[in-house]
Amino acid sequence: VSLVFGSSVVIFQYMHGSPDSAGLYWIVPIIGLPVIVGCTLDYDSYLVARIFEFRSSGMDTTASVINGLQDTASVITIAGCIMTVAFGSMLFSSVPAIQQVGFVLVTCSLLDTFLVRSILVPSLMLIAVDANWWPRRMPPATIFLDKHGRMRIRNFLMDDYRNDLILNR
C-alpha cells in the first residue's frame, strides 16, 4: 500500500503535476484504500487456501506452496490482468482525481499480481514453514519433494527411502 501511494505522490506531485496542482487529491486515498484491500485480499486468500488444502492432505510445506502456486497461478494472473485493464480505463478520464484513482488501482493490481502473489507470499510461507499454520497443528507430512523435485510418499513403516513411491503430477 505504501509503495502504491508513494509512487502516486511521486508521479502526480513531482513529475506530472503542474505548478497550479496541489499533488494528490485528498479523496484518492479514501477511495483507493478500501478497493486495494478488497481486491488484494480476495485472490491472496484463494492462494493461501489452496496451499492450506495441499498441506492438510499430507504434503510438506514446500510441496504445498509449489503445488498451490501452480494450481492458482493462471487464474490469479488472468484476474489481475483483467482488473488492470478495467482500472486502466480510468486513466483516460479528463478529471484529474479519477486519473489518480485509476493510477493507484492499476499500480496496485500490477504489484499485487506479479510481486505479492507470485513472489512475496510463497517466499514468506517457505520461510515460516510450520508457523504458517499456528496455532493449529498440521498432520505429519507424508508427501514431500526429493532433491530432484519429484513428489514422493514417505513410507513410515520402513526408514528406507528407496521404497518411497514416486508421484507423477
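Refer to the preceding data block for the structure.
Residues numbered from 1 in each chain as written. Predicted model: local features only at pLDDT ≥ 70, side-chain atom pairs only at ≥ 80, totals over all residues. Heavy atoms only, no water.

Draft legend 1. View of the pattern of salt bridges. Following the criterion strictly, the structure yields four salt bridges and no others. Across the pair Asp71 and Arg50 runs a salt bridge, and its minimum N-O distance is 3.0 Å. With Asp71 in helix α3 (residues 61–88) and Arg50 in helix α2 (residues 27–56), the pair connects residues that are 21 residues apart, well separated along the chain. Residue classification places Asp71 among the partly exposed residues on the basis of a relative accessible area of 24%. Across the pair Arg117 and Asp112 runs a salt bridge whose closest N-O atoms are separated by 2.4 Å. Note on accessibility: Arg117 and Asp112 belong to one class, buried. Within the structure, one salt-bridge network assembled from shared partners comprises Asp44, Asp112 and Arg117. (Salt bridge = Lys/Arg side-chain N within 4 Å of Asp/Glu carboxyl O. Helix = DSSP H or I, 4+ residues; strand = E, 2+ residues; numbered from the N terminus. Buried < 20%, exposed > 50% of the residue type's maximum accessible area, 1.4 Å probe, protein only.)

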